[in-house]
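# Results of the structural survey
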Amino acid sequence: MLDTILFSVLPYAVIVTTIVAVTFRLRKRRFGVSSLSSQFLESGELFFGSVPWHYGILVVLTGHLIGFLVPRELLLFNSAPVRLYILEVTGLAFGLLSLVGIVSLIWRRASSPRIRAVTSRMDVLLLALLALQVVFGVSTAIFNRWGSSWYASSAVPYLWSVLALRPDPATIAPMPWTIKAHIVGFYLLLAILPFSRLIHALVPPLRYLTRPYELVIWYRRDLRPADRHARSRPAHTPRVRTAPPAPPSMPIVPEPKTPIAHEPTTPNVPEPTTPIAHETAQTAPAEELATLTPHE
Ligand code: HEM
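All of the points below concern the structure found in this document. These numbers were taken from a predicted model, which means no experiment stands behind them.

## Things to note about the overall build of the chain
- The number of helices and strands found in the chain is 11 helices and two strands.
- Counting helices and strands in the order they occur from the N terminus, the chain gives α-α-α-α-α-α-α-α-β-α-β-α-α.
- Taking as baseline every contact in the chain between residues at least 6 positions apart, the subset at least 24 positions apart corresponds to 76%.

## Re the site of the ligand
- Lining the immediate surroundings of the ligand are 24 residues, of which Gly91, Gly95, Gly137, Ala141 and Gly147 lie closest.
- Among the elements of the structure, α2 (44-69), α4 (81-111), α6 (121-143), α7 (147-163) and α8 (177-192) are those that each provide at least two residues to the shell around the ligand.
- The element best represented in the shell around the ligand is α6, accounting for six residues.
- In terms of residue class, the shell around the ligand is built from 12 nonpolar, 11 polar and one charged.

## With respect to the nonpolar core
- Counting residues in hydrophobic clusters, the biggest one holds nine residues: Trp53, Ile57, Val60, Phe94, Leu97, Ile102, Leu105, Leu130 and Val134.
- Secondary structure elements with two or more residues in this core: α2, α4 and α6.
- With near-sequence residues (within four places) excluded, Ile102 lies in contact with Trp53, Leu130, Ala131 and Val134.
- Counting residues in hydrophobic clusters, the runner-up holds seven residues, among them Leu74, Val156, Tyr158 and Leu159.

## Considering the packing of helix α3 (residues 71-78) against α7
- The N-to-C vectors of α3 and α7 enclose an angle of 155 degrees; their axes lie 9 Å apart at closest approach. With respect to α7, the axis of α3 lies roughly antiparallel. Relative to α7, α3 is oriented so that their crossing is left-handed. Across from Pro71, Leu74, Leu75 and Asn78 in α3, the residues of α7 making contact are Ser148, Ser149, Ala152, Ser153 and Val156.
- Taken together, the residues of the contact of α3 with α7 sort by class into five nonpolar, four polar and no charged.

## Focus on the packing of α4 against α6
- Packing of α4 against α6 leaves a shortest axis separation of 9 Å and a crossing angle of 155 degrees. Classified by the angle their axes make, α4 and α6 are roughly antiparallel. Our pair here, α4 against α6, has a crossing hand that is left-handed. Residue-level contacts link Glu88, Gly91, Leu92, Gly95, Leu96, Ser98, Leu99, Ile102, Leu105, Ile106 and Arg109 of α4 to Leu127, Leu130, Ala131, Val134, Gly137, Val138 and Ala141 of α6.

## With respect to unusual backbone geometry
- Even without being glycine, Trp146 reaches a positive phi, approximately 60 degrees.
- Along the chain, Trp146 turns up in the loop between α6 and α7.
- The phi torsion at Leu165 lies on the positive side, around 65 degrees, for a residue other than glycine.
- Note that Leu165 resides in the loop between α7 and α8.
- When the 7 C-beta atoms within 10 Å are taken as the criterion, Leu165 is described as exposed.

## Describing the environment of Pro52
- With respect to the helices, strands and loops of the structure, Pro52 is situated in helix α2.
- For the pair Pro52 and Val100, spaced 48 residues apart in the sequence, the C-alpha separation amounts to 7.1 Å.

## A look at α6
- Here α6 spans 32 Å end to end across 23 residues, near enough to the 33 Å set by a 1.5 Å rise per residue.
- Along α6, the residues classified as buried are Leu130, Gln133, Val134, Phe136, Gly137, Thr140 and Ala141.
- On its buried face, α6 sits against α4, α7 and α8.

## Quick look at α3
- Among the residues of α3, those classed as buried are Pro71, Leu74 and Asn78. Seen along its axis, α3 keeps its buried residues to an arc of 60 degrees; they face one direction. Turned more than 90 degrees away from the buried face of α3 sit Arg72, Glu73 and Leu76, all of them exposed.

About the criteria used
- Residues numbered from 1 in each chain as written.
- Predicted model: local features only at pLDDT ≥ 70, side-chain atom pairs only at ≥ 80, totals over all residues.
- Helix = DSSP H or I, 4+ residues; strand = E, 2+ residues; numbered from the N terminus.
- Contact = placed C-beta atoms within 7 Å.
- Near = placed C-beta within 6 Å.
- Nonpolar A, V, L, I, M, F, W, Y, C, P; charged D, E, K, R; others polar.
- Core = buried A, V, L, I, M, F, W, Y, C linked by C-beta atoms within 7 Å.
- Buried ≥ 20, exposed ≤ 12 C-beta atoms within 10 Å, placed from the backbone.
- Axes fitted to C-alpha atoms, helices over the stretch in contact; angles between N-to-C directions.
- Parallel < 35°, antiparallel > 145°, perpendicular 65-115°, else oblique.
- Left-handed = near helix turned anticlockwise from the far one by under 90°.
- Expected span 1.5 Å × (residues − 1).
- Arc of directions from axis to C-beta.

Below is the structure:
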């Protein structure tokens, strides 16, 4: 009964709520889709928590996604023991990296009064759920061997059955409770995604992954350029870069290079090259007039 609620009912309740809430938030509060940076309150520990967390969890989740999308190919890859060992050790290493990261992030929020003051209940819930999710994941990797293979053969068919609207938890029913907790943790994280700062995961700033870590300090009137570096850079903080100069301003209305339609280069009424009949009649001498008469 509990399995039915957790693995056949809960997923749909979560999926519907998440889709509705994300759509609402993206449409109504588009500029609120952010992780609300607290870097200006503290940056040292943020660096040592955020970087391992993001690199670790992104690699782990990419591994989950690959197994979800191409389970047969994953099983084929794992059929050679040496490849299976390499995959498992790599997954575990990045799992541990993300664990170090999330523990550092929690420690940062708990230990700094300034960060605590801006930490909401939802932040606490989110960090607790993420930490539990990583703990259950790492414990699965350590205590339930060859997870990458049985994930592809047992857990992935269940996930696909949910997406196909024919939920079949039979393949995960006999699994240990830690693995079930890991799957339920996934649903809970999905459920709070629209209501928490996790929503920033939907608009990832991908260039941050390749950009060198840096702190951008906007121009401050009270500091001369030479003072700026010295005053704002404690020993352990990263390279400081001042914001680049604004790009040269573009004219709002560009100068037209070619004449536009309503300003023609030639007069609207062209200069007649030959005299027209009525002018000729008024100005031409009598003998010329004679040459023009149709009777001739
Ligand atoms: C928010 C979503 C999730 C997060 C953050 C997460 C995180 C993790 C972490 C950190 C690990 C340990 C590193 C590793 O060995 O790969 C792990 C392992 C694992 N996770 Fe997840 N996970 C999530 C969702 C899921 C779901 C939905 C399933 C299955 C339905 C799943 C199944 C597994 C399995 C089987 C392992 C062990 C892999 C192995 O031993 O190589 N995870 N997860």
